[in-house]
Amino acid sequence: MVRQLEVFLFDEPLSNLDAKLRVSMRVKISQLHNELGSTMVYVTHDQTEAMTMGDRICVMKDGRIMQCDTPLNLYNRPANRFVAGFIGSPAMNFLTVKVIEDNGEPALVFNNHVMRVPVERSVLVRPYIGKNVILGIRPENIHLAKKRDAISVSGRILVKEEMGHEMIVYFDENDTGQMIARLTSERGHTISVREKEEFVFDMEQCHLFDAETEESILG
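Keep in mind that what you see is a predicted model, and the values were worked out from it rather than measured.

Engineer: A description of the sheet that holds strand β5 (residues 93–102) should follow, citing residues and the corresponding values.
Structural biologist: Strands sit in the order β7-β6-β5-β8-β14 across an open sheet of five strands; the sheet is antiparallel. Every interior strand has two partners, whereas the edge strands, β7 (113–116) and β14 (207–210), have only one. Averaged over all pairs of adjacent strands, the angle between strand axes in this sheet comes to 40°, irrespective of strand direction. Pairing analysis gives six bridges linking β5 to strand β8 (residues 132–137), with the strands arranged antiparallel. Within β8, the position partnered with K98 by the bridge is N132.

Engineer: An account of the layout of surface pockets is requested, with residue identities and associated values reported.
Structural biologist: Reported here for the largest pocket is a volume of approximately 760 Å³. In terms of lining, the largest pocket is formed by 28 residues, of which the most central are Y42, V43, R56, I57 and C58. Contributions of two or more residues to the lining of the largest pocket are made by α1 (19–36), β2 (39–43), α2 (47–53), β3 (57–61) and α4 (81–86). Residue composition of the lining of the largest pocket, by class: 15 nonpolar, nine polar and four charged.

Engineer: I'd love a proper account of α1, names of residues and values included.
Structural biologist: For α1, built from 18 residues, the straight-helix expectation of 26 Å at 1.5 Å per residue is met to within 8% by its first-to-last C-alpha distance of 26 Å. Put simply, D18 is the residue that caps the front of α1, since its side-chain oxygen is 3.2 Å from the backbone nitrogen of K20. Taken from the residues just after α1, G37 is the one with a positive phi, measuring 70°.

Engineer: Residues and numbers for the nonpolar core, please.
Structural biologist: Membership of the largest hydrophobic core comes to 30 residues, with the highest contact counts inside it found for L108, L135 and F201. When contributions to this core are tallied by element, the ones reaching two or more residues are β5, β6 (105–110), β8, β9 (142–144), β10 (153–162), β11 (166–172), β12 (178–184) and β13 (196–201). Apart from the residues lying within four places of it in its own chain, the contact partners of F201 are L95, M115, L135, I137, N141, I142, V153 and M179. By size, the runner-up hydrophobic cluster in this structure holds seven residues, among which are A50, I57, V59 and L74.

Engineer: Mind laying out the packing of aromatic side chains, listing which residues take part and the relevant values?
Structural biologist: Counted by the stated rule, this structure contains four aromatic pairs. Each ring, one from F171 and one from F199, has its centre 4.1 Å from the other, and the planes form 10°; the classification is stacked. With F171 in strand β11 and F199 in strand β13, the pair connects residues that are 28 residues apart, well separated along the chain. For the pair F171 and F199, one class covers both residues: buried. Positioned over the ring face of F94 is R81, at 4.5 Å from the centre of the ring. A cation over a ring is seen here: R138 above Y75, with NZ or CZ 3.9 Å from the ring centre.

Conventions and cut-offs
- Along each chain, the written sequence defines residue order, and numbers are assigned to residues from 1.
- Per-residue local features of the predicted model are confined to residues with pLDDT of at least 70, and side-chain atom pairs are confined, for both listing and counting, to 80 or more; whole-chain, interface and lining totals are unaffected and use all residues.
- Excluding hydrogens and water, the side-chain values take into account all heavy atoms of the structure.
- By the convention used here, strands pair only if DSSP detects at least 2 bridges between them.
- Note on conventions: DSSP H or I runs of at least 4 residues are helices, E runs of at least 2 residues are strands, and numbering of each starts at the N terminus.
- Each axis is a line fitted through C-alpha atoms, and for a helix only the stretch in contact is used; angles between axes span 0 to 180 degrees, taken between their N-to-C directions.
- Grid points spaced at 1 Å and placed over the protein atoms alone form the basis of the search, with a cavity being a set where a 1.4 Å probe fits but cannot get out and a pocket an open set showing protein on both sides within 12 Å along at least five of seven lines. Lining residues have an atom within 4 Å of a point.
- Grid points are joined across faces, edges and corners, and a volume is the space filled by probe spheres set on the points.
- Classification convention: Asp, Glu, Lys, Arg as charged; Ala, Val, Leu, Ile, Met, Phe, Trp, Tyr, Cys, Pro as nonpolar; all other residues, Gly among them, as polar.
- To estimate how far a helix should extend, the number of its residues minus one is multiplied by 1.5 Å.
- Polar contact is defined as a pair of N or O atoms within 3.5 Å, subject to the rule that within protein one atom must be able to donate a hydrogen and the other to accept it, and that residues adjacent in sequence are counted only when both atoms are side-chain atoms.
- Among buried residues, the Ala, Val, Leu, Ile, Met, Phe, Trp, Tyr and Cys ones that are joined through side-chain atoms within 4.5 Å form a nonpolar core.
- A simple rule labels every residue: compare its accessible area, found with a 1.4 Å probe on the protein chains alone, to the largest value its type can have, and call it buried under 20%, exposed over 50%, or partly exposed in between.
- Whether two residues are in contact is decided by their heavy atoms: any pair within 4.5 Å suffices.
- Only the six-membered ring of Trp is used, alongside the rings of Phe and Tyr, when aromatic pairs are assigned; centres must lie within 6.5 Å, and planes under 30 degrees apart are stacked while those over 60 apart are edge-to-face, with the rest tilted.
- Here, a charge over a ring is recorded when the distance from Lys NZ or Arg CZ to the ring centre is within 6 Å and its angle to the ring normal is within 35 degrees.

Set out below in structure tokens:
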């Protein structure tokens with residue numbers, strides 16, 4: 001820092017710090033970056049550090065770059081299943097679903113539930129009619145069902161984590177595997193462990209991946 005170099009390399013500098021000190025040092029390094037105006041290459045396994053500190057992030061797997069993009073693009077438009085599952089905490093939920101044609105439009109079938117594909121995405125999903133694809137849905141895009149919701153998924157509550165302003169709920173959908181929902185405390189305070197609840201997916205926010213290549217279908 002004293003030498004005012006053009007490029008700095010950080011190799012997991014905060015990995016041995018406790019949680020509180022890690023947060024304060026994260027802010028301090030970001031401030032230094034803004035003040036110095038130098039390029040900083042920061043290596044980390046902590047996605048929170050990457051998302052909060054990086055202007056651009058390269059997600060790597062087995063020595064290969066999976067996607068290099070801005071933090072928000074990585075989160076909202078992951079290029080493949082690996083990036084989608086790596087970025088975000090709690091992690092994205094993944095389900096294998098079948099694409100069918102319903103009233104002339106592609107739709108997704110999961111455990112006898114038919115889920116509509118948003119109109120603006122239907123042209124991208126149409127080539128997969130008759131095939132299985134991987135549906136990705138983030139925990140914050142799973143909600144408790146309301147009476148007016150025609151299609152919902154029933155799940156048995158396994159664990160709930162009270163976070164104050166929100167609640168993380170782990171539930172089992174017909175024994176197909178554990179899923180995670182992030183609920184506001186107002187909506188989640190009435191649920192009980194071991195009881196069944198009805199959930200709905202926000203299909204406007206869903207992600208779809210090719211079952212073989214695991215690349216994003218939605219671009």
